[in-house]
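Close look at the chain arrangement
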Amino acid sequence: MAHAQRANSSSQQRFKLKFDKKDLHQSVPESHSENAADDGKMQEKMETDDDEGHVIHASNSGQISRDDTNIKTTSFSPPQGAISTSNLAEATKENKDILGPNNPGISGNLQIDAKNIPEYPDKKITMTDFAGQCSYYASHQIFLSPRAFFILVLNMEKKFDDQVGEEVCCQEGSIYERWTHRDYLEFWMKSIHQYSNDNAPVLLIGTHSEKKTEKEIMTFFHEIWATLEMKDKTLYKHLHEDRQFAVGFHDNESIENIKLSIVKVVQNLNHWGEKLPLSWVMFEKFFQEKKSQRIMKKEMLLAFNDALPTGIKLETVDDINFMLQFFHDIREILYFNQELLDVVIILDVQWFANLFKNVITDRNHAEKDLCRFASDWKKFDQTGELNDTLLTAIWEMKGIAFTEHKTDVMLYMEKLGLLAKLDDKKWYVPCMNKMPFPENPFTSYSASSILCYVFDVLPAGIFHRLVATCLQIHWEIVTERGRLCIYQTAAVFLFKGQNILLGMTPREIQLQVFVIEGRVEISKCQEIKAEIDRMLNVLSRTFQTDFRFTFGFKCKASGFCDSQGSSVINESEFTKAIFQCPSCPIGRKHIINSKNITKYWVQVYHDEVEPLEVKGISKSSPLESVGPSESHPKDNFAKIVKLLQVGTDAVRICFDKFLPKEDLEKTLKDNETDMRRGPFRFQQPQLEILFTPQGGSNTGVSSLSMDVTIMYKLLRNFSDIAPPGNGWGKEPRIVDITESDDIERIRLYRNKYSHTSESSTVMSDGVFHIIWDDLSKAILRLSGGVLKRRIMEI
């Protein structure tokens, strides 16, 4: 497919930046909006009194410039090289090659007019100013684009270890209560790291420099680097010494230096200057024209695409989804290519964010405007439990017409982890929960040891998403006096007679099982762990950066989610049956029996405990997972890719069972029309594998010439294989182990890892073992164990 040609400019002086500021403080309650809107503006005065720091998100969307009759390719251009008559002519020729000399478009002829292309075109940067109230932090992920850079504004008059003032963001009762400036620095950097991308550039700006000496300014920025070194060095990659600035009152020189730095940052963004299909201009214009209707069914987009002329319209579903992903990444729209969500496109992102903003309305407005629902709102404000009556009242109070879009909006909010469905008339909104978790409430019951998922960087909101996912798979929530046992940092579920305690600390997610009577069942603990592993693996796909974690265990000297994080013992320490606790201070050292701690979560085969790198390896059954050879984080990703290659052959074995060669030709013949033009339409390269140009199946076609995608589509739509337990296109649950479940597993892993750059991917041992265990078991089940040796050779 042809791409837009661009004209270039090499000089910074000729490169004009146009700042289009979207101030998210319109999402702030009216009583705060005036002061909030004044903070962090890019102007001659750049000051902020926000105690917790201030973040400005800036993105270049590669936005397509256009008018009613001309497609202008120049707005894609990075500031590199000079424009010339020859490359304008080349651009015009390329466009004409695509469109044809008189090819009708949606409204009249589409033409290229080189005269309308400016010699040094403006480059548009959209700047988003994030609301400071902590209740709104949950919605920031909607705007944290992977195609952005960020400006973090900090007040140099504030000391890093001082607590942030309560008046700044209404922290009372929230998890942010008593947070220091250092905590907020870490929070913002983690949010950028997880929701944007792990290389997103950050400009550091310290304000009130007129009150500081040069030495004090240097010390301030040094403290930022020292904080990140202490918290997590992976956050270093977002910063650079050339991108930190001290700004004072009427400091025009520093403002100009910041602008030049922005130009340099933009020029070096990976996506700046990428070539985009010219036809996407039609879709951007279409989205803009339909934006007033807020939400659009995907079928309307498909109809629009089908009406486009050949050479402009997108030929395959994958092409359409790729285009949608791009506009989603720049937050022109919201779209998720997942079942239930893939039929709807959110056209007005700010409108969607405002819907959620209105749900978490501040206390002053609620007490004034929701008097008739005082009891419901008080419960919501304390526990996060939102009933349908209160939700309707909130949206009606704001004059929002929501009935038509309610189902789609709530599904999208669930997907983003903003809320979780409790039943048809009730939701759980994590960011509103102010219930503290009682310290060691279950010490009198029989309990397992405490398993810890220890993260390099605990993703912001990951715990609440995990709780929401547990609700979605229908784990029963334990209740106390009519109130759900879901707290700010913990939740209690009931599963097969076992009480599950999930909790969060600054760097860990902790898991413990307890029972009221009798003893904890080890097999149930391992089943629960496997389900949590699976959920974390699924959740990792919702972040721009794959998060990394290792396993550890709490020693008996500390309780669940207490402050003694140092008592977590890494899994690598459990190499002996008995050893001295390496984590507790010298005055409280004690002896650890490895088996007593690890038996609940991993299988132990000898009196001497084997290293946990071989956990899950079976000594007898060929249908248990096969342990990988010794590996390192840099090799883990490559091993998974090799395992997926074996997975393709496992799918092939199953395919030949349901569609053997003697039946395949008839299946293709009987369904050729549907595969070419019907509801099960295949892409052109796939059709070329299955059929001749004249029609009819290719002679000798078999599973050997097919990839996983072709086999999956044929099995799903044209064979009698039973559907997966959780449905086609959905992540299988841990209990789903039929042939179609395992095909779905392999397909989803392949989609995530087979198309990722191996050189840029490091996979932690914790994530690696989860994926290896799940994937190898699926391969062995599908192949009946015949591929075991190939797996062992990896």
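Since this is a predicted model, take the numbers as computed values, not measurements.

Reading guide: rules and limits
- Residues numbered from 1 in each chain as written.
- Predicted model: local features only at pLDDT ≥ 70, side-chain atom pairs only at ≥ 80, totals over all residues.
- Heavy atoms only, no water.
- Helix = DSSP H or I, 4+ residues; strand = E, 2+ residues; numbered from the N terminus.
- Buried < 20%, exposed > 50% of the residue type's maximum accessible area, 1.4 Å probe, protein only.
- Contact = heavy atoms within 4.5 Å.
- Pairing = 2+ DSSP bridges.
- Axes fitted to C-alpha atoms, helices over the stretch in contact; angles between N-to-C directions.
- Salt bridge = Lys/Arg side-chain N within 4 Å of Asp/Glu carboxyl O.
- Left-handed = near helix turned anticlockwise from the far one by under 90°.
- Nonpolar A, V, L, I, M, F, W, Y, C, P; charged D, E, K, R; others polar.
- Expected span 1.5 Å × (residues − 1).
- Core = buried A, V, L, I, M, F, W, Y, C linked by side-chain atoms within 4.5 Å.
- Phe/Tyr/Trp six-rings, centres within 6.5 Å; stacked < 30°, edge-to-face > 60°.
- Lys NZ or Arg CZ within 6 Å of the ring centre and 35° of its normal.
- pLDDT = per-residue confidence, 0-100.

Another point: the overall build of the protein chain. Looking only at helices and strands, the protein chain has 25 helices and 23 strands in total. For the protein chain, with 794 residues in total, the buried portion stands at 57%. For the protein chain, the proportion of contacts with a sequence separation of at least 24, taken over those separated by at least 6, is 70%.

Attention shifts here to the pairing of strand S17 (residues 490-495). On any regular strand, side chains alternate: one points to one face of the sheet, the next to the other face. Among the six residues that make up S17, five are buried, leaving the element largely enclosed by the rest of the structure. Of the pairings in the sheet, the one linking strand S14 (residues 476-477) to S17 comprises two bridges and is antiparallel in character. Bridged to isoleucine 477 within S17 is phenylalanine 493. Judged from the six bridges that link them, S17 and strand S18 (residues 498-504) form a sheet pairing that is antiparallel. Within the sheet, the bridge partner assigned to alanine 490 lies in S18 and is glycine 503. Taking the residues that link successive antiparallel strands as the turn, the S17-S18 hairpin has two residues, and the phi of lysine 496 there is positive, at about 50 degrees.

Looking at the secondary structure, you find threonine 316 in the loop between helix H8 (298-307) and helix H9 (317-329). On the basis of relative accessible area, threonine 316 is assigned to the buried category, the value being 13%.

Okay, the sheet that holds strand S11 (residues 426-428) next. If you trace the three strands from one edge of the open sheet to the other, you get S9-S11-S10, paired in antiparallel fashion. Two strands lie at the open edges of the sheet, namely strand S9 (385-387) and strand S10 (420-423), each paired on one side alone. Put simply, the sheet's adjacent strands are angled 30 degrees from each other on average, direction ignored. The pairing of S9 with S11 spans three bridges and is antiparallel. Note on S11: the bridge partner recorded for leucine 386 is tryptophan 427. On top of the sheet, helix H15 (residues 462-472) reaches S10 and S11; it is set at about 35 degrees to S10, its chief contact.

Here S18 lies mainly inside the structure; seven of its seven residues are buried. Burial along S18 is two-sided: Gln498, Ile500, Leu502 and Met504 and Asn499, Leu501 and Gly503, pointing in opposite directions, are all buried. Across six bridges, S18 lies against strand S19 (residues 508-515) in antiparallel orientation. Residue leucine 502 lies in a different strand from S19, and its bridge partner there is leucine 511. Between S18 and S19, which pair antiparallel in sequence order, lie three residues.

For the rest of this paragraph, the subject is the pattern of salt bridges. For the structure shown, the criterion picks out 27 salt bridges. Of the charged contacts in the structure, one is a salt bridge between aspartate 161 and arginine 182, with a shortest N-O distance of 2.9 Å. Of this pair, aspartate 161 sits in the loop between strand S4 (148-155) and helix H3 (166-169) while arginine 182 sits in helix H4 (residues 181-195); the two residues are 21 residues apart in sequence, bridging distant segments of the chain. The salt bridge partner of aspartate 533 is lysine 529, with a shortest N-O separation of 2.7 Å. You can see aspartate 533 and its partner lysine 529 sitting in helix H16 (residues 522-539), four residues apart, about one turn around the helix. The structure contains a network of salt bridges with shared partners spanning Asp742, Arg745, Asp774 and Arg781.

Moving on to the packing of helix H22 (residues 708-718) against helix H23 (residues 739-753). It is at 11 Å that the axes of H22 and H23 come closest, and there the two elements cross at 145 degrees. Considering the relative orientation of H22 and H23, their crossing is left-handed. Contacts between H22 and H23 involve Val708, Thr709, Tyr712 and Leu715 on the former and, on the latter, Ile743, Glu744, Arg747 and Arg750. Residue classes in the contact of H22 with H23 are distributed as four nonpolar, one polar and three charged.

Here the focus is H16. Counted at 1.5 Å a residue, the expected span for H16 with its 18 residues is 26 Å, and the 26 Å between its end C-alpha atoms agrees. All of the buried residues in H16 are Lys524, Cys525, Ile528, Lys529, Glu531, Ile532, Asp533, Arg534, Met535, Leu536, Asn537 and Leu539.

On to the nonpolar core. The biggest cluster of nonpolar side chains holds 93 residues, and the ones touching the most others in it are Tyr453, Phe493, Ile532, Leu690 and Leu714. Per-element tally for this core: the top contributor is helix H18 (residues 633-658), with 11 residues. Among all residues touching phenylalanine 493, those that are not within four sequence positions of it are Val467, Cys470, Leu471, Trp475, Glu476, Ile477, Val478, Gln498, Asn499, Ile500 and Leu502.

Across all of its chains, the model carries 30 aromatic pairs by this definition. Relative to phenylalanine 304, the ring of phenylalanine 286 has its centre 4.0 Å away and its plane inclined at 15 degrees; by these criteria the two rings are stacked. Here phenylalanine 286, found in helix H7 (residues 280-290), pairs with phenylalanine 304, found in helix H8; they are 18 residues apart in sequence, far enough to count as distant. Given the relative accessible area of 6%, phenylalanine 286 is considered buried. For the pair tryptophan 475 and phenylalanine 495, a centre-to-centre distance of 5.5 Å together with 40 degrees between the ring planes defines the contact as tilted. Residue tryptophan 475 is located in the loop between H15 and S14, and its partner phenylalanine 495 is located in strand S17; the two are separated by 20 residues in the primary sequence. Its relative accessible area of 16% is what places phenylalanine 495 among the buried residues. Of the aromatic side chains, those joined through ring pairs into one cluster are Trp280, Phe283, Phe286, Phe287, Phe304, Phe322, Phe326 and Phe327. For arginine 747, the ring lying beneath its charged end belongs to tyrosine 712, and the centroid distance is 4.3 Å.

The next subject is the confidence of the model for the protein chain. In this model, the protein chain carries a mean pLDDT of 76, and residues with pLDDT of at least 70 account for 74%. Mean pLDDT across the elements of the protein chain bottoms out in helix H1 (residues 30-38) (31) and peaks in strand S8 (residues 344-346) (95). Counting interchain partners and residues more than four positions distant, the pLDDT-below-50 stretch residues 61-120 has 114 contacts. Contacts for the low-pLDDT stretch residues 604-625, under 50 throughout, to residues beyond four places or in other chains number 45 contacts.

So, about the environment of aspartate 381. Here aspartate 381 lies in helix H12 (residues 374-383). Sequence separation between aspartate 381 and valine 429 is 48 residues, and the spatial gap between their C-alpha atoms is 9.6 Å.

The topology assignment puts tyrosine 600 in the loop between helix H17 (594-598) and H18. The exposure class assigned to tyrosine 600 is buried, which follows from its relative accessible area of 12%. Sequence spacing of tyrosine 600 and glutamine 512 is 88 residues, and the spatial spacing of their C-alpha atoms is 9.5 Å. Those residues in contact with tyrosine 600 that sit more than four places away from it in its chain are Ala447, Ser448, Ser449, Val520, Ile522, Cys525 and Gln526.

Here we take up the packing of helix H10 (residues 349-359) against helix H13 (residues 388-397). In the contact formed by H10 and H13, the axes pass within 9 Å of each other and the chain directions differ by 115 degrees. The crossing of H10 and H13 is right-handed. Residues Leu355, Asn358 and Val359 of H10 form the contact with H13, whose participating residues are Leu391, Ile394 and Trp395. Its residues assigned to classes, the contact of H10 with H13 shows five nonpolar, one polar and no charged.

On to the environment of isoleucine 721. Inspection of the secondary structure assignment puts isoleucine 721 in the loop between H22 and H23. Residue isoleucine 721 is classed as buried on the basis of its relative accessible area, which comes to 9%. Sequence separation of isoleucine 721 and cysteine 654 is 67 residues, and the distance between their C-alpha atoms is 9.8 Å. If we skip the residues at most four places from it in the chain, isoleucine 721 touches Cys654, Phe658, Leu715, Trp728, Glu739, Ser740 and Ile743.

All right, on to unusual backbone geometry then. With phi around 75 degrees, arginine 294 is a residue other than glycine that occupies positive phi space. Among the secondary structure elements, arginine 294 is positioned in the loop between H7 and strand S7 (295-297). We classify arginine 294 as partly exposed; its relative accessible area is 31%. With a phi close to 60 degrees, arginine 331 is a non-glycine residue in the positive phi region. Note on placement: arginine 331 falls in the loop between H9 and S8. According to the relative accessible area criterion, arginine 331 is buried, its value standing at 12%.

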